[in-house]
Amino acid sequence: MAEETPEEVPTCVWETKNEEGEWGEGTCDEGFPVGEGRMTFPNGDIFEGTYVKSMIPDPVAVAEAEAVAEEKAAADEAAAAAGDGDAEEGEAEPAEGEPAPPAEEETPEPEIPLIPISMRQGKGKYMFKPLDETEGNELSGGLYDGDFVDNKKHGTGTKTFPDGSKYVGSFVDDAIHGEGEYTYVSGDIYRGQFEKGKKQGNGSYFFAKSASTFMGKWTAGAFESGEWVYADGTSYSGTFQDGKPHGEGTYTYAHNGNTQSGEWQKDGAFVGGTIKAGV
């Protein structure tokens, strides 16, 4: 029976430009990519930017140390629950003046070795594998163009998504985080604060279809309280739930400045009080 030929494992391709501006074999330090260049990954993603050789804790050793620590913590917890810390029946306590028995020596934490690795650092461009491989659609899989720290999107950058939506602003540890602007494929635009990829804090959301805007406080991606400004300048101020006015609030009408306070009912109707004349 003929032996099966093992499948060849695809590898990354690291290239740098020569003096003529042509891509060629990349610069390495003991086999690790360094400097500016282009890295093509087996899945079709491409990174253009700078790699820096660094030393990091060995991930395998870190995982093993964490597993040992978890086992020890579980054993200690079980011993404490069983009362192993108390003196056993019939066991005499040390007499006054006698030295206490020696305490058990604590197991020293294992040393974590460092290993070399090349990491994306500084400005760079990461192009995800195209979803449409026809000519002119090279960026159909999405693109990040901005700052990198230790292989992660970190700092300021622009991320274009496969559906055409785009975010410009702050990133922390690969996540959209901080101040930024997100433009949706519908034409809607959110400008404000994000936390781990969700709208959080102060921000405004412009609805392209109605030309109206939410302005105020956001929590976990949802508009919570603030002002809803309509296309004609009329505004509603109050609290919101599931993207709709909820509870008590006040309308201010643009054409005359009059105001009306009231409360939203469960059936979605607004029951307003006396209309007050504008100043």
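A short tour of the structure in this document, coming up. As the structure is a computational prediction, the values presented were derived from the model and not from experiment.

1. Some remarks on the overall build of the protein
The helix and strand inventory of the protein stands at one helix and 19 strands. The contacts in the protein between residues at least 6 apart in sequence include a share of 22% that link residues at least 24 apart. By element, 52% of the accessible surface of the protein is carried by carbon and sulfur atoms, the whole surface being about 19,000 Å².

2. A short note on helix α1 (residues 59–82)
Spanning 24 residues, α1 covers 35 Å between terminal C-alpha atoms, matching the ideal 34 Å at 1.5 Å per step. Sitting at the head of α1, Asp58 places a side-chain oxygen 3.1 Å from the backbone nitrogen of Val60.

3. Considerations on the environment of Asn18
The topology assignment puts Asn18 in the loop between β1 (13–17) and β2 (23–25). Within polar-contact distance, the side chain of Asn18 engages the backbone nitrogen of Glu22 at 2.8 Å.

4. Overview of unusual backbone geometry
For Asp150, which is not a glycine, the phi torsion comes out positive at approximately 50°. Secondary-structure assignment places Asp150 in the loop between β8 (143–149) and β9 (152–160).

5. Observations concerning the pairing of strand β5 (residues 35–40)
Summarising the sheet, β1 and β5 pair through three bridges and their orientation is antiparallel. Bridged to Trp14 within β5 is Met39. Bridge analysis of β5 against strand β6 (residues 46–57) gives six bridges, and the strand direction is antiparallel. Bridge assignment links Arg38 to a residue of β6, and that residue is Glu48.

6. Focus on the side chain of Thr16
The topology assignment puts Thr16 in strand β1. Taking relative accessible area as the criterion, Thr16 reaches 12% and is therefore assigned buried. Of the polar contacts made by the side chain of Thr16, one reaches the backbone oxygen of Glu25; its length is 3.3 Å.

7. Observations concerning the pairing of strand β7 (residues 114–127)
With 11 bridges connecting them, β6 and β7 associate as antiparallel partners. Bridge pairing in β7 places Ile46 opposite Met127. Looking at chain direction, β7 and β8 are connected through six bridges and run antiparallel. The partner of Gly124 across the bridge, within β8, is Gly146.

8. Re the pattern of salt bridges
Counted according to the given criterion, the structure contains eight salt bridges. Of the charged contacts, one joins Arg191 and Glu181 as a salt bridge, the two residues approaching to 2.8 Å between their closest N and O atoms. With a gap of 10 residues between them, Arg191 in strand β12 (residues 189–195) and Glu181 in strand β11 (residues 175–183) connect regions that are remote in the sequence. On the accessibility criterion, Arg191 (41% relative accessible area) is partly exposed. Judged by its relative accessible area of 29%, Glu181 is partly exposed. By sharing partners, the salt bridges in this structure join Asp29, Glu30 and Lys53 into a single network.

9. Quick look at the layout of surface pockets
Approximately 250 Å³ is the volume attributed to the largest pocket. Around the largest pocket, the lining residues are Gln241, Asp242, Lys244, Pro245, His246, Gly247, Trp264, Gln265, Lys266 and Gly268. Among the elements that make up the lining of the largest pocket, the one with the highest residue count is strand β17 (residues 244–252) (four residues). Among the residues forming the lining of the largest pocket, the class breakdown is two nonpolar, five polar and three charged.

10. Quick word on the packing of aromatic side chains
By the definition in use, this model includes 32 aromatic pairs. Taking 5.0 Å as the distance between ring centres and 80° as the angle between the ring planes, the aromatic pair formed by Tyr190 and Phe194 counts as edge-to-face. The class of Phe194 is buried, set by a relative accessible area of 6%. Ring plane angle 25° and centroid distance 4.7 Å describe the contact between Trp228 and Tyr230, whose orientation is recorded as stacked. We classify Tyr230 as partly exposed; its relative accessible area is 25%. Cation over ring: Arg120 sits above Phe47, and NZ or CZ is 5.5 Å from the ring centre. A cation over an aromatic ring shows up here: Lys153 above the ring of Tyr144, its NZ or CZ 5.8 Å from the ring centre.

Criteria and cut-off values
- Residues numbered from 1 in each chain as written.
- Predicted model: local features only at pLDDT ≥ 70, side-chain atom pairs only at ≥ 80, totals over all residues.
- Heavy atoms only, no water.
- Helix = DSSP H or I, 4+ residues; strand = E, 2+ residues; numbered from the N terminus.
- Contact = heavy atoms within 4.5 Å.
- Areas by Shrake-Rupley, 256 points an atom, 1.4 Å probe, with all protein chains shown as cover.
- Expected span 1.5 Å × (residues − 1).
- Polar contact = N/O pair within 3.5 Å; in protein donor to acceptor, adjacent residues only side chain to side chain.
- Pairing = 2+ DSSP bridges.
- Buried < 20%, exposed > 50% of the residue type's maximum accessible area, 1.4 Å probe, protein only.
- Salt bridge = Lys/Arg side-chain N within 4 Å of Asp/Glu carboxyl O.
- 1 Å grid on protein atoms, 1.4 Å probe; cavity = no way out; pocket = protein on both sides within 12 Å on 5 of 7 lines; lining within 4 Å.
- Points joined across faces, edges and corners; volume = space filled by probe spheres on them.
- Nonpolar A, V, L, I, M, F, W, Y, C, P; charged D, E, K, R; others polar.
- Phe/Tyr/Trp six-rings, centres within 6.5 Å; stacked < 30°, edge-to-face > 60°.
- Lys NZ or Arg CZ within 6 Å of the ring centre and 35° of its normal.

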